[in-house]
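Coordinates in review
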Amino acid sequence: GHSQFSHGESERSEGMPAVDVQDSSFVKKGKVRLIIMGKPNSRKTSSFPSFPSPKVISGCPGEKHTAILSNTEGVRVRLWEDTPGAGPRVTWNEYLAETQNILSSKVLAGSQCAIFDGLHRLQRLAIAAGRAEVGKKSYEAWEKGKENFKQWVEMGYKSDIPVVIWVCWAKADVVDELASAEDQAKAKKGYYLDLVGAEQRELMGDYSVLYQYVEGGKAYWQLVGDERAECGLRVPPEQAATLPYKVEASWPKLAEVLSKFSVVGASMEGK
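These numbers were taken from a predicted model, which means no experiment stands behind them. (Residues numbered from 1 in each chain as written. Predicted model: local features only at pLDDT ≥ 70, side-chain atom pairs only at ≥ 80, totals over all residues. Heavy atoms only, no water.)

1. What to know about the environment of Ala 128
What counts, and what does not: Only runs of H or I of at least four residues qualify as helices and only runs of E of at least two qualify as strands under DSSP, and these elements are numbered from the N terminus.
Relative to the helices and strands, Ala 128 resides in helix 4 (residues 119-134). Once the C-alpha coordinates of Ala 128 and Trp 142 are considered, the two residues, 14 residues apart in sequence, prove to be 8.7 Å apart.

Structure (structure tokens):
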């Protein structure tokens, strides 16, 4: 799309000039950006305390599960309560302002981590806000909704907070409903981000996506995609073979893995 930035010197911080990867401010600042997806009740919320503090955990509009957490030392939990009578467009603009306050450490000074719980709900709000803004023409409303959603995710991507996490429901492939119960049970149900449209693929291409599941009473993050889940930690291709299949669903365990990989790994040094 078009850029609102001129080519003046002051716009340099937007990262217009190309740099070698090791000189990238994104890598140097030790930034980690991850999407965690999982079915309901896969203990996603329970893994939040393991992330670095001070941290802000924000329940996106419509997300209820965040309420099981409480404020503790170095942790602020923010729940969204809609203004009565507010339409999607108002809610969208209010939540953008809330997001900006979280990412600029106004909600919690010195924030090291921001967790946005309910990426799937936020996308639906973005689409509804787009529809409210441009009227009922479905194509234009959809385009505006996509633009809204992308703008919101990029706020997190570009922020100076070292660790930004988005949490999303996982959706299983639809099985053939006409097949026998036995065949349905046998069918491989691959999980992927519960998002509408091409965003599933686009976000999958741009961000590391971890699949969280519970096995033997323990929660894990799957780091390598297979027929069970479309996920994957983005690492240099020549190093992908050494990536473990899974780790316990805990930030220190994941940070240990990240520290071994050159590009992502360089960004983890000194943590």
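2. Structural notes on unusual backbone geometry
In terms of backbone geometry, most residues other than glycine have negative phi values and most peptide bonds are trans. Note the threshold: Three exposure classes are used, based on accessible area relative to the maximum for each residue type with a 1.4 Å probe and protein chains only: buried under 20%, partly exposed in between, and exposed over 50%.
Residue Pro 54 is bonded to the preceding Ser 53 through a cis peptide linkage, with omega at -5 degrees. Structurally, Pro 54 can be placed in the loop between helix 2 (44-47) and strand 2 (55-59). The backbone phi angle of Arg 43 is positive, close to 65 degrees, even though this residue is not glycine. Mapping Arg 43 onto the fold places it in the loop between strand 1 (32-38) and helix 2. By relative accessible area, Arg 43 is classed as partly exposed at 38%.

3. Observations regarding helix 4
Here is the rule we go by: The span you would expect from a helix comes to 1.5 Å times its residue count less one.
Between the first and last C-alpha of helix 4 there are 23 Å, a value that for 16 residues agrees with the 22 Å anticipated at 1.5 Å per step. Looking one or two residues past helix 4, Gly 135 carries a phi angle of roughly 90 degrees, positive in sign.

4. Observations regarding the nonpolar core
This is how the line gets drawn: We call a set of buried residues a nonpolar core when its members are Ala, Val, Leu, Ile, Met, Phe, Trp, Tyr or Cys and they connect through side-chain atoms within 4.5 Å of each other. Whether two residues touch is decided by their heavy atoms; if any such pair falls within 4.5 Å, the residues are in contact.
Of all hydrophobic cores here, the largest spans 39 residues; its most connected members are Phe 116, Leu 119 and Trp 152. Among the secondary structure elements, those contributing two or more residues to this core are strand 1, helix 3 (88-103), strand 4 (113-117), helix 4, helix 5 (138-158), strand 5 (163-172), strand 6 (191-193) and strand 7 (208-215). For Phe 116, the contacting residues outside a window of four places in its chain are Ser 58, Cys 60, Tyr 95, Thr 99, Ile 102, Leu 103, Trp 152, Val 164, Ile 165, Trp 166 and Val 167. Counting 29 residues, the second-largest nonpolar core is a separate cluster that includes Val 32, Leu 34, Cys 113 and Leu 233.

5. Structural notes on helix 8 (residues 251-258)
Operational definition: Think of it as the arc spanned by the lines of direction from the helix axis to the C-beta atoms.
By the burial criterion, the buried members of helix 8 are Trp 251, Leu 254, Ala 255, Val 257 and Leu 258. Buried residues of helix 8, viewed axially, fall in a sector of 160 degrees; they line one side.

6. Notes on the side chain of Gln 212
Examined against the element boundaries, Gln 212 turns out to sit in strand 7. If we ignore the near neighbours within four places in the chain, the residues touching Gln 212 are Ile 36, Met 37, Gly 38, Lys 39, Ser 42, Arg 43, Lys 44, Ser 47, Ala 219, Tyr 220, Trp 221 and Ala 249.

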